[in-house]
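Coordinates in review
Here's the letter readout for the chains.
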Protein chains: 2
Amino acid sequence: MRTQIENVQPKDIETKSFEIITRELNGRTFENNTELIVKRCIHTSADFDYADNLCFSDDVVAKAMEAIRGGASIVTDTNMAKAGINKVSLGKYGGQVHCFMSDEDVAAAAKESGMTRASESMKKAAAMGEPFIYAIGNAPTALITLYDLMEEGKVDPLLIIGAPVGFVNVVQSKELIMSTSVPYIVPKGRKGGSNIAACIVNAILYMMNNDRHYWK
Amino acid sequence: MRTQIENVQPKDIETKSFEIITRELNGRTFENNTELIVKRCIHTSADFDYADNLCFSDDVVAKAMEAIRGGASIVTDTNMAKAGINKVSLGKYGGQVHCFMSDEDVAAAAKESGMTRASESMKKAAAMGEPFIYAIGNAPTALITLYDLMEEGKVDPLLIIGAPVGFVNVVQSKELIMSTSVPYIVPKGRKGGSNIAACIVNAILYMMNNDRHYWK
């Protein structure tokens, strides 16, 4: 059994993984700098559905890079996504990652309103008045609240990465976001997750830095 | 669009999700308390492949519960999995979650040995001499090193959750672990991830606590 392990140097593992993904994508092409995002989602999940389900608004990758270059911070709905986002790469431009899900005021507001903590954490972020990138990897209610806040003119996201996962209102919440004029990156359908939200952010950062994680 | 959102109370979202998963599993049954683990992996990923790819060693769920009840701590290879594991539930029994991936001594050892930081973090854990549960959600090299250490008699894991994801040595590293007598839970094939490793731990904790996340 042990002999079946390929001898690959640590620095070459990711390169080789991307070569395998590229080969299995069998010549498919992706527009406007979205290729690395698609491939990184597949790399993170080993799920080739991401070659088909990822939806991008017009020029979203350029807009995302511009926002990050301008020092934008990221708000996410899970501590897992916060853990997964490359904070060193983001920090080079001045941005931070916030997750308000465990904040006491958010828990108290959720108890009072009967809404989810994810909803309340979006309201908290919106009330801060700073233009954020939103990276949602768990709760459709976060996307629904962002939609409502946008409708009310209370938030104007620089970008929404809308990647909640699951079975209740997930599909619908993504469609809602895609019906607006906000810049978005959304894996349509049920799939997504904290890992997907984080890796989409990282793919953009790695393209910007043109660093060792940046492969075609 | 907004009208297509179902009105579901926050406390009911997870229950309803599990009902949908159960319905779509179409009467399939799973043995020996593995059902909730399978369903929680599907809940976390919206990927029904987990109904087919999860492999369990004999009585592994009972053994995992016994280990946790005995105060076992968990070693993981990613800070995302560490963020995702329910540390309050685990802490009730005395266990903690460790991730040594960002430790300076691990980085230094990896630089010297030419092995991955994941490998070195497994060696560090083994050298601590405490019997751990290992929850691997990223690096096949962590599983390979655990295998080598087991062969050398240098580690005796209470349980290995072997859920690295990807394309280089992932399939083989899982097969290696399943060739041993260690208690294991492994999604065979390429799929897995930090989210999957964390949710397998959480599924076991929720069964033990019989808490609000515990659904059939």
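Structure first, text after, so check above.
Attention here is on the structure that accompanies the text. Everything numeric here is computed off the predicted structure, so don't read it as measured data.

Summing up its helical and strand segments, chain A has 11 helices and 6 strands in all. Each principal axis of the C-alpha atoms in chain A carries an extent, and together these give about 60 × 35 × 30 Å. Across the 216 residues that make up chain A, the buried fraction comes to 60%. When contacts within chain A are restricted to residue pairs at least 6 apart in sequence, long-range pairs at least 24 apart make up 63% of them. Just so you have it, chain A exposes about 9100 Å², and 45% of that area is on carbon and sulfur atoms. In chain A, 23 side chains carry a positive charge and 26 a negative one; their mean positions are 6 Å apart.

What follows is about the nonpolar core. Formed by 95 residues in total, the largest nonpolar core has its most connected members in I37, I185, I200 and I204 of chain A together with I37, I200 and I204 of chain B. A total of 12 residues in this core trace back to one element, the largest contributor, which is helix α11 (residues 194-209) of chain B. If we skip the residues at most four places from it in the chain, I200 of chain A touches I37, C41, L54, I161 and I185 of chain A.

All names here are of chain A. Tracing the backbone shows E120 in helix α8 (residues 117-127). The exposure class of E120 is buried, given its relative accessible area of 8%. A polar atom in the side chain of E120 sits 3.0 Å from the side chain of K123. Those residues in contact with E120 that sit more than four places away from it in its chain are V106, A109, A110, S113 and M115.

All names here are of chain A. Reading across from one edge, β1-β6-β5-β4-β2-β3 is the order of the 6 strands in this open sheet, with mixed pairing throughout. The sheet is open, and its two edges are formed by β1 (54-56) and β3 (97-99), each paired on a single side. Here the average twist between neighbouring strands, direction ignored, is 15°. Taken together, the 3 bridges between β1 and strand β6 (residues 184-187) define a ladder with antiparallel strand orientation. Within the sheet, the bridge partner assigned to F56 lies in β6 and is I185. Lying on the sheet, helix α2 (residues 35-45) is in contact with β1 and β6; it crosses β1 at an angle near 155°.

Next up on the list: the environment of G84 of chain B. By the element assignment, G84 of chain B lies in helix α5 (residues 79-84). Of the residues examined, G84 of chain B reaches a relative accessible area of 18% and is grouped as buried. Distance in space between the C-alpha atoms of G84 of chain B and K111 of chain B is 28 Å, their sequence separation being 27 residues. With sequence-adjacent residues up to four places away left out, G84 of chain B is seen in contact with M80 of chain A together with A198 and N202 of chain B.

Turning our attention to the interface of chain A and chain B. The partner chain B presents 48 residues to the 48 residues of chain A that form the contact. Roughly 3700 Å² is buried in total at the junction of chain A and chain B, and carbon and sulfur atoms are behind 68% of that figure. When the buried surface of chain A facing chain B is broken down by residue, M80, F167 and V168 of chain A rank first, second and third, together holding 19% of it. In this structure, the connection of chain A to chain B is made through 4 salt bridges. D148 of chain A serves as the salt-bridge partner of R2 of chain B, at 2.7 Å between the closest nitrogen and oxygen. Linking chain A to chain B there are 7 residue pairs in polar contact (both at pLDDT 80 or more).

Let us now look at the relation of the copies chain A and chain B. The operation relating chain A to chain B is a screw motion whose rotation component is 180°, with 0.0 Å of axial translation and a residual RMSD of 0.0 Å. Within this description, the copies of the chain are treated as partners about a two-fold rotation axis. It is M80 of chain A whose C-alpha, among those of chain A, lies nearest the rotation axis, at 2.4 Å. In this assembly, 100% of the residues forming the interface of chain A have copies in chain B that are likewise at the interface, indicating an isologous arrangement.

On to the pattern of salt bridges. Residue and element names in this part refer to chain B. A full pass over the atoms with the stated rule returns 26 salt bridges over all chains. For D47, the salt bridge goes to K191, with nearest N and O atoms at 2.6 Å. Here the residue D47 occupies a position in the loop between α2 (35-45) and α3 (50-53), and K191 occupies one in the loop between β6 (184-187) and α11, the gap between them amounting to 144 residues. Each of the two residues, D47 as well as K191, counts as buried.

Mapped onto the elements of the fold, L176 of chain B is located in helix α10 (residues 170-178). Overall, L176 of chain B belongs to the buried group, its relative accessible area being 0%. Between the C-alpha atom of L176 of chain B and that of L159 of chain B, which follows or precedes it by 17 residues, the distance is 14 Å. Once you skip the residues sitting within four places of it in the chain, L176 of chain B turns out to touch M1, R2 and I5 of chain A together with I144 and Y147 of chain B.

Each value, and the rule that gives it
Each chain carries its own residue numbering, running from 1 in the direction its sequence is written. Written order determines the labels here, with chains lettered from A and ligands numbered from 1. It should be noted that, the model being predicted, local features are given only for residues of pLDDT at least 70 and side-chain atom pairs only at 80 or more, the latter also being counted only at that level, while totals for whole chains, interfaces and linings use all residues. To obtain the side-chain values, all non-hydrogen atoms of the structure were included, while hydrogens and water were left out. Here a strand is any run of E in DSSP of at least two residues, a helix any run of H or I of at least four, and the numbering for each starts at the N terminus. Only protein chains enter the area calculation, which uses a 1.4 Å probe; residues under 20% of their type maximum are buried, those over 50% are exposed, and those in between are partly exposed. Any two residues whose heavy atoms approach within 4.5 Å at even a single point are treated as in contact. Under the convention used here, a 1.4 Å probe and the Shrake-Rupley method define accessible areas, while residue burial counts only the protein chains that appear. Charge counting follows a simple rule: Lys and Arg are positive, Asp and Glu are negative, and His as well as the terminal groups are ignored. Each charge is placed at NZ for Lys, CZ for Arg, CG for Asp and CD for Glu. Put simply, buried Ala, Val, Leu, Ile, Met, Phe, Trp, Tyr and Cys residues joined by side-chain atoms within 4.5 Å make one nonpolar core. Throughout this description, a polar contact denotes any pair of N or O atoms lying within 3.5 Å of each other; where both atoms belong to protein, one of them has to be capable of donating a hydrogen while the other can accept it, and for residues adjacent in sequence the pair is counted only when both atoms sit in side chains. If DSSP finds at least two bridges between two strands, the strands pair. Only C-alpha atoms enter the line fits that serve as axes; for helices the fit covers just the stretch in contact. Angles between N-to-C directions range over 0 to 180 degrees. Simply put, the buried area is the total loss of 1.4 Å probe accessible area from both parts when two parts are fitted together. When a carboxyl oxygen of Asp or Glu is within 4 Å of a side-chain nitrogen of Lys or Arg, the pair counts as a salt bridge. Superposing the copies works by least squares over the C-alpha atoms of residues that have pLDDT at least 70 in both of them.

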